[in-house]
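# Structure assessment
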Amino acid sequence: MSAFMQQLPALIGVVIGALGSYLAIVRGDRARFGREQAARWEERRLAVYSDYARCLKKTITLTYRVAAHLGDDPHPHPLPPEEAAPLLAAALDARDPAWEALLMLGTPEVVEKAREWALMAMRMENFPNERVRGQNAWRDLLQEQRATREAYYTAVRDDLALPPGHSARWQPYVPA
């Protein structure tokens, strides 16, 4: 038997080992790339979800202040509707790009809950113009807004596989 034939089993073993090593490295790199990419998208979605919530909350806070001016909310910094109008317009201008980013990266469930929360914010913006006003009407609107906000955050947490969070429900301080 020739020397080559004697070395053939060892050579085949080296080739199989090298091929196996190569395939294991490629497979590991693919898995790592997939995990890193998923983590990047998760971070981006969290940023988009947070940015949208911040923009919407700015609008809602302004409505609290207007309602305080009208005597319906205990917010400590009342704001007349005339002064609030340009601030509300600016908040809406900031919210539009945040909404577009949310549409692009958000899951359908999160987008739907965000839409419901935004519609509630719009109802709050229109509160000064409604025929039925007063603390009870405002309180009901606030409860609905808090429920839609909570639903939005629940959808976000579900999407990002985060543990349940605080409901953020609390009784505001009302001076005696």
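Use the structure listed above.
Residues numbered from 1 in each chain as written. Predicted model: local features only at pLDDT ≥ 70, side-chain atom pairs only at ≥ 80, totals over all residues. Heavy atoms only, no water.

Let us now look at the overall build of the protein. Counting its secondary structure elements, the protein contains 4 helices and 0 strands. Beginning at the N terminus, the succession of helices and strands in the protein can be written as α-α-α-α. Over its C-alpha atoms, taken along the principal directions, the protein stretches across nearly 105 × 30 × 25 Å. When each of the 176 residues of the protein is scored for burial, the buried share is 28%. Here the contacts in the protein between residues at least 6 apart in sequence split such that 65% fall between residues at least 24 apart. Accessible surface computed for the protein: about 11,600 Å², of which carbon and sulfur atoms make up 60%. Both charge centroids of the protein, one from 22 positive and one from 22 negative side chains, sit 5 Å from each other. (Helix = DSSP H or I, 4+ residues; strand = E, 2+ residues; numbered from the N terminus. Buried < 20%, exposed > 50% of the residue type's maximum accessible area, 1.4 Å probe, protein only. Contact = heavy atoms within 4.5 Å. Areas by Shrake-Rupley, 256 points an atom, 1.4 Å probe, with all protein chains shown as cover. Lys, Arg positive; Asp, Glu negative; His and termini not counted. Charge placed at Lys NZ, Arg CZ, Asp CG, Glu CD.)

What follows deals with the packing of aromatic side chains. All told, the structure shown has 7 aromatic pairs when counted by the stated rule. Between the aromatic rings of Tyr64 and Trp138, the centroid separation amounts to 6.2 Å while the plane-to-plane angle is 85°, which identifies the pairing as edge-to-face. Residue Tyr64 is located in helix α1 (residues 3–69), and its partner Trp138 is located in helix α4 (residues 135–159); the two are separated by 74 residues in the primary sequence. Accessibility classification places Tyr64 together with Trp138 in one group, the buried group. Feature note: the residues Tyr52, Trp99, Trp117, Tyr152 and Tyr153 constitute an aromatic cluster, connected by ring pairs. Against the face of Trp41 rests Arg44, its NZ or CZ located 4.9 Å from the ring centre. (Phe/Tyr/Trp six-rings, centres within 6.5 Å; stacked < 30°, edge-to-face > 60°. Lys NZ or Arg CZ within 6 Å of the ring centre and 35° of its normal.)

By size, the foremost hydrophobic cluster in this structure holds 27 residues, and its most contacted members are Tyr52, Leu102, Trp138 and Tyr152. Counting only elements with at least two residues in this core, the list comes to α1, α2 (81–105), α3 (108–126) and α4. The dominant element in this core, judged by the number of residues it contributes, is α1, at 9 residues. When neighbours within four sequence positions are excluded, Trp138 is seen to be in contact with Thr63, Tyr64, Ala67, Asp72, Asp73, Met124 and Phe127. (Core = buried A, V, L, I, M, F, W, Y, C linked by side-chain atoms within 4.5 Å.)

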